[in-house]
Structures are given as structure tokens and as C-alpha cells.
Amino acid sequence: MADTVAGILVATLEQLGVRQIFGLIGDSLNPLVDEVRRSSIEWFGVRHEEGAALAAAGQAKLTGSLAVCCGTTGPGSTHLVAGLYEAARDHAPVLALSGEMPRKLRGTDYFQATTPDLLFRDVALYTETISTGAQAPGVIHQAIAAAYAGPGVAHLTLPQDVLTEPATRLTPSVATLRPRHEIAPSAADIDEAVGRIRDASTIVLLCGAGCRGSADLLAAVSDHLSAPLVHTVRGKELMAFSDPRWMGGLGMIGTRATYNAIQRCDLLIMVGTDYPYSEYLPEAGNVIQIDHRPEVLGRRTPTSLGISGSVRPSLRAILDRAPRKTDTTFFRRVARERVRWDHMLDRQADVARSANRLHPQAVARAVSDLARDDAIFIFDTGLNTLWSANWLRQTGRQRIIGSFNNGAVGTAVGQGNGVQAVDRSKQVIVFTGDGGFNMLMGEFLTATHHELAVKVIVYNNSALGLISLEAESVGIPAFEEAIHYPNPDYAMLARACGGTGFTVSDPSKLKATLSEAFATEGPVIVDAVVAADEIPNLPHIELKRVGNYALARAKEAVLAFTGG
């Protein structure tokens, strides 16, 4: 490998175990891609640079290891930015590389000119232009260190002439470039937490993505404190749906049982979560928050104790010292409420519920029932997220990836490609609405091109369903002309792209269609034509909002009658 800037960058990525780079090739990137071609790293050509950033984000979210994406000069780089917010907002380590015009042309308003370091400043923890070969090794190290330290996005601008410039040395201290280690809590914080636990009669744990790898400790703490476990949507994957301690989610992706439990308990312990929806958290009460990020402590709800520390050492310390709670009355009450809620979900997901209408809940439950025990699910954003997250019954061995903090529509297929590239033998299932799929449907071509066997489930209701719900929640009738639109034949589109397509609208054929789709090799689209007027469950809803929905529906009926 050449001792150029491009050469040492690729050599560093190889040494770190990077297996793929996602991007679109362009003139300014040619020296870099030439080095990739002669390396062990696989170049994944995508159909849109945003798809490259999404693939890298999905991969980094799954593995916690550095993922890499590229965009060439000007528009190629600007296309990266939207996808990079996935990694930035969900704290996944991604290195973004931008091609750039030769240095002698900068500042002359040249063709495709941008200011990349300014462009990437909001999304990236670190952004820098490599201007000389001598500078390159240190900057490469600094960028990757920043991506891991966040974790989040780091960005490097690579002028074409700099890529071919000789480098004076290799990237230093590569062994230090790795995910950050666990942080132990202070003894004083644990002492105070134990005292608050001792004084509380009823305790609930709210568990987030920071609890990954701690399911055993969560179960032990739940048993020790007779405390129900409630999860965020990012935390849903941590334990099996069937675990009696794992009571369900919170908020719109949640249950009435969990909302009531959090509002009624004497002590809420937020573990590894910066749950943003404050309206579902206690407004006044005893709250302990545990997180390795000191900046998130106490910002979502009034908090009496913030513990700066990683989840595992913090839970171990609490488990070792906290008194056992033997009164299970509260736990059993929450469990009974959870069972009643689950029975309602079962009724809504029953394929026999309608003879000729396919309900989205039935699609989600059927996929859940038929998926492999270790499948990886990718959620897109929108009304489809509610169907998928509320009716999926995870095994505890499955993974769930989504646009959880960014909340971006159209991101699932791109992320699914990056996840599938990690292990082609894994079953990767993408849940998306038709609106989201339409945004970046070209990334299904990326899947067929690279033989990535993603299975894409499209909830096809020919509408932006969540937009309708959000309008109606404030008493505004849905703007039909802006929300409803014609869709292509997704099954035919799959075949045109080189994949396989299925269409299902008959409830009685749902499971057979999904079984065939999952047994099919290669990329697949299942066009699930679902009832468009289905309203999701709202575990906690204010009386005013109920009135708003009713008012909006009345207005919609009038508009339909008058044509106004």
C-alpha cells in the first residue's frame, strides 16, 4: 500500500477492522478508492450518498464499532449530511469522508464549491480538512478518537491532490482507537441511592439503550426490589417480551400499565436513558437517573439524584447494598394491568378480525411470529413505527434499530443495507411505511446490487398516516390532498430492481405470503396493503385531545360531504 495520505488512511481503517466503506465514487475520491480496491476493505457503491451515511449509521448502531461513508465534492458531500444525523443523534461512531477540489482552486468560487468544515459542523463532533501529508496522520487519529469518544460522527475533508501526497509517517497510537470503557459511579452517589431505595415502598426502573448487555442485572435488580421494568423503544430489544418483569414501553409506544406504574411509584430509577418525552415522566417525585453522560442527568424531569456512571457497575453496586423488598403487591398490580393490555393487543392483531381488510397490527404480529429468533428489525419513522414497536414480540436475542432520536422518515432501507452487510447470514427485516420507502427507494437497488437479503415490509396505506394523526390531535382536519398519494406497484418494483416482490391484502393469505417471502433468497419487498383508517392505541391521552380528535373527524366528514 502506497505511503500516501490515501494509503495511510485506508491502512488505518484496515487495522481497526473496518470491513466496508459505503459511498458513491467521484473524481475527487479516485485516489482513495484506488487504495480501497487494493485493500481488504469492500467498497459498497450506493444509489444516493444519504444511503451511504444511513448504511454506516445502521452498521455502527448495531456493532458499536467504527463505520465509514464517503461523498465526493460539493453535492456528493451535502447529500451525506442528512443521513449522518442518524449516527449523530443515536450516538453511533461513524467516520464521514468528503472529497474536495485541489487546494489551488479553493476560494475561487470553483465548480461544486462548498465549505465542508462549516457544512458538517452541526452534525459532526469533529470536522477538519487535511491540508498536507505531514498533518494527515495526527488528524486521522484525532477524527477517529472523536467518533469513539462521543460516540458520534467525525468528518474529514480530503482535497484530491492531498490524497496523493506522500505521508511522513503512519497514523500514531492506533491501539487507543476503540469504544470507550465503563465508568464506575462514586461511592457517595451509591450511598444516597441506597438510602432512597430503602425509604421507597414502590419502585420502577425505566430502562434505555444504555442498558444493552445488562439484562441479567436488570432482572436481578427487579427481583431484589420487586420493581417492574419499563423500557424505552430503543431498550425494547434488551429482554424478551414474555419476561414477566419486562412490562412494556412508555408513551405512544407503550401501555397504560407502564404509564400508571411510573406515575404511581414512590421512586423512579431511570437507567441508561435520556427519555425525551417529559409528559410521560413524573412531574414531581423521587427520581434517580443513572447515565455515563453527565450532561443528560436531570434535564427531562425533576431529578433528586443523578449518578454519573455506566449501567453495569452502577447496578452491581446497588444490588450489592440495597435492602431486599419483599412486598410484591405493586409489582403484581402492574403485571395484571399489563396482561389486560396485552389481551387487547392480541385482539387487534388477530387476522380473523376482518374478513377482507388487512390491519397493520396483524402484519406486525405475523412478522414477529415468523421471524427468526435472532432476527434484526429496522424501524422506519411514522405511523408504521407504532404498529411495529407495539405489536412486535421480541425474543431478547433479536436486535431493533431505528431512527429513534433523529425521527427521520425514509431511513430504514439504507440502515438495513448497512446492517445486512455486517453478516449476510442474518435475517434483516425492514418495517417501513409507503411514504418512507418512497423517499429513498433507490437504496433497494443497492441491496439487489450487493445481494443483501433484506426483507422489506411496506405498510401501504397510500398516505402519510402519522401526519393525519398529528393534525387531528390538535383538532385540525387532515389535509387530504397533501397526505394521500398514488404508489407504484411495490412487488413489480422489486422485480424490476432484480429482487423478489409479493403483494398481500387478504388477511387469510398474510402468514403464507410472509413465510414465502422469508424463505426467498435475496432482497424482497412485501407490499402489505393495510387499512388506512386504523387509529393506534393511545395509552395516555388528555380529555382535551380526545375532543380534538372528535372535532377533526367531524370537520373531515363535512369537508368530504361539501367537497370544500
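For the structure itself, consult the block above.
Residues numbered from 1 in each chain as written. Predicted model: local features only at pLDDT ≥ 70, side-chain atom pairs only at ≥ 80, totals over all residues. Heavy atoms only, no water.

K.L.:
In this structure, what is going on with the packing of helix α8 (residues 187–199) against helix α11 (residues 311–321)? I would like to understand it.
P.N.:
Between α8 and α11, the shortest axis-to-axis distance is 10 Å and the interhelical angle comes to 50 degrees. Comparing the axis directions of α8 and α11 gives the class oblique. Every pair of crossing elements has a handedness; the one defined by α8 and α11 is right-handed. Along its contact with α8, which presents A187, I190, D191, V194 and I197, the element α11 presents S314, A317, I318 and R321. Its residues assigned to classes, the contact of α8 with α11 shows 6 nonpolar, 1 polar and 2 charged. (Axes fitted to C-alpha atoms, helices over the stretch in contact; angles between N-to-C directions. Helix = DSSP H or I, 4+ residues; strand = E, 2+ residues; numbered from the N terminus. Parallel < 35°, antiparallel > 145°, perpendicular 65-115°, else oblique. Left-handed = near helix turned anticlockwise from the far one by under 90°. Contact = heavy atoms within 4.5 Å. Nonpolar A, V, L, I, M, F, W, Y, C, P; charged D, E, K, R; others polar.)

K.L.:
How should I be thinking about helix α4 (residues 75–89) in this particular structure?
P.N.:
Since one α-helical turn is 3.6 residues long, residues separated by three or four positions face the same way. When the terminal C-alpha atoms of α4 are compared, their 23 Å separation across 15 residues agrees well with the 21 Å that a helix rising 1.5 Å per residue should span. Largest kink in α4: about 40 degrees, centred on A82. Taken together, the buried positions of α4 are G76, S77, L80, V81, G83, L84, E86, A87 and A88. A positive backbone phi angle near 55 degrees is found at H91, which sits one or two residues after α4. (Expected span 1.5 Å × (residues − 1). Bend = angle between axes of the 7 residues up to and from the residue. Buried < 20%, exposed > 50% of the residue type's maximum accessible area, 1.4 Å probe, protein only.)

K.L.:
Honestly, the sheet that holds strand β15 (residues 428–433) in this entry has me stumped. Any pointers?
P.N.:
Strands pair in a sheet through their backbones, by hydrogen bonds, and they do so in one of two ways: parallel or antiparallel. If you trace the 6 strands from one edge of the open sheet to the other, you get β14-β13-β15-β16-β18-β17, paired in parallel fashion. Two strands bound the open sheet, and with one partner strand each, they are β14 (399–402) and β17 (500–504). The average angle at which neighbouring strand axes cross in this sheet is 20 degrees, direction not considered. Relative to strand β18 (residues 524–529), strand β16 (residues 455–460) runs parallel, the two sharing 6 bridges. From the neighbouring strand, Y459 faces β18, where its bridge partner is A528. Packing of helix α14 (residues 383–391) onto the sheet brings it into contact with β13 (376–379), β15 and β16, and relative to β15 it is tilted by some 140 degrees. In this fold helix α15 (residues 412–422) packs onto β13, β14, β15 and β16, with an angle of close to 175 degrees to the strand it touches most, β15. (Pairing = 2+ DSSP bridges.)

K.L.:
Help me understand the sheet that holds strand β6 (residues 153–159) in this model?
P.N.:
In space, the 6 strands of this open sheet follow the order β2-β1-β3-β4-β6-β5, with parallel pairing throughout. The open sheet has two edge strands, β2 (42–45) and β5 (126–129), and neither has a second partner. For this sheet the average axis-to-axis angle between neighbouring strands, irrespective of direction, equals 20 degrees. Packed on one face of the sheet, helix α2 (residues 30–37) meets β1 (20–23), β2, β3 (67–71), β4 (94–100) and β6 and runs near 130 degrees to β2.

K.L.:
Explain unusual backbone geometry here, please?
P.N.:
What you tend to see is this: most non-glycine residues have negative phi, and most peptide bonds are trans. Here the residue pair G150 and P151 is connected by a cis peptide bond, since its omega of -15 degrees sits within 30 degrees of zero. Positionally, P151 belongs in the loop between α6 (136–149) and β6. Notably, E451 is not glycine yet its phi reads approximately 55 degrees, a positive angle.

K.L.:
In this structure, what is going on with the pattern of salt bridges? I would like to understand it.
P.N.:
Pairing between side chains of opposite charge can happen when their charged atoms approach one another. Summed over all chains, the structure comprises 27 salt bridges. D34 is the partner of R37 in a salt bridge, and the nearest nitrogen-oxygen pair spans 2.4 Å. Taken together, the positions of R37 and D34, both in helix α2 and 3 residues apart, correspond to about one turn of that helix. Residue D34 is classed as partly exposed on the basis of its relative accessible area of 25%. In this structure, D291 and R293 form a salt bridge, with 2.9 Å as the shortest nitrogen-oxygen distance. (Salt bridge = Lys/Arg side-chain N within 4 Å of Asp/Glu carboxyl O.)

K.L.:
How should I be thinking about the pairing of β14 in this particular structure?
P.N.:
The two faces of the sheet receive side chains in turn, since in a regular strand these alternate between them. Here β14 shows a buried face lined by R399 and I401 and a second buried face lined by I400 and G402. Note: β13 against β14, 4 bridges, orientation parallel. Across the sheet, I378 pairs through a bridge with I401, a residue of β14. Between the parallel pair β13 and β14, the chain is carried across by α14, and the sense of this crossover is right-handed. (Right-handed = clockwise from strand over helix to strand, strands pointing away.)

K.L.:
How should the pairing of β18 be read in this particular structure?
P.N.:
Of all 6 residues in β18, 5 are buried; the element is thus mostly enclosed. Taken together, the 5 bridges between β17 and β18 define a ladder with parallel strand orientation. Across the sheet, residue T500 finds its bridge partner in β18, namely V524. Handedness of the β-α-β unit built from β17, helix α21 (residues 510–519) and β18 comes out right-handed.

K.L.:
How should the nonpolar core be read in this particular structure?
P.N.:
The nonpolar side chains of a soluble globular protein tend to be buried, and buried together. With 45 residues, the main nonpolar core has C69, L84, F437 and V456 as its most contacted residues. Ranked by residues supplied to this core, first place goes to helix α3 (residues 49–63) with 7 residues. Leave out the neighbours within four places in its chain, and V456 touches V413, V430, T432, F437, F444, V524, I525 and V526. Counting 37 residues, the second largest nonpolar core, distinct from the first, contains A371, W387, I400 and V526. (Core = buried A, V, L, I, M, F, W, Y, C linked by side-chain atoms within 4.5 Å.)

K.L.:
Please explain α14 as it appears in this structure.
P.N.:
Counting buried positions along α14 yields 9 of 9 residues, so the element is predominantly enclosed. Of the positions making up α14, those classed as buried are L383, N384, T385, L386, W387, S388, A389, N390 and W391.

K.L.:
Which parts of the structure should I look at to understand the packing of aromatic side chains?
P.N.:
A ring pair, where both rings are aromatic, is described by two values, the distance of the centres and the angle of the planes. Taken as a whole and judged by the stated rule, the model has 8 aromatic pairs. Judged by centre distance (5.5 Å) and plane angle (75 degrees), the ring pair of Y275 and Y277 falls under edge-to-face. Overall, Y277 belongs to the partly exposed group, its relative accessible area being 44%. Ring geometry for F437 and Y490: centres 5.4 Å apart, planes at 85 degrees, overall edge-to-face. Of this pair, F437 sits in helix α16 (residues 434–439) while Y490 sits in helix α20 (residues 490–496), placing them 53 residues apart in sequence. Put simply, the rings of F377, F379, F431 and Y459 pair up and form one aromatic cluster. Positioned above the aromatic ring of F241 is the side chain of R338, whose terminal nitrogen or guanidinium carbon lies 5.0 Å from the ring centre. (Phe/Tyr/Trp six-rings, centres within 6.5 Å; stacked < 30°, edge-to-face > 60°. Lys NZ or Arg CZ within 6 Å of the ring centre and 35° of its normal.)

K.L.:
Quick question: what am I supposed to make of the packing of helix α12 (residues 329–349) against helix α13 (residues 360–370) here?
P.N.:
Two quantities define a packed helix pair, namely the angle between the axes and the distance from one axis to the other. At a closest axis distance of 7 Å, the pairing of α12 and α13 adopts a crossing angle of 105 degrees. In terms of axis orientation, α12 runs roughly perpendicular to α13. Contact residues: L345, D346, Q348 and A349 in α12; Q361, A362 and R365 in α13. Broken down by class, the residue content of the contact of α12 with α13 amounts to 3 nonpolar, 2 polar and 2 charged.

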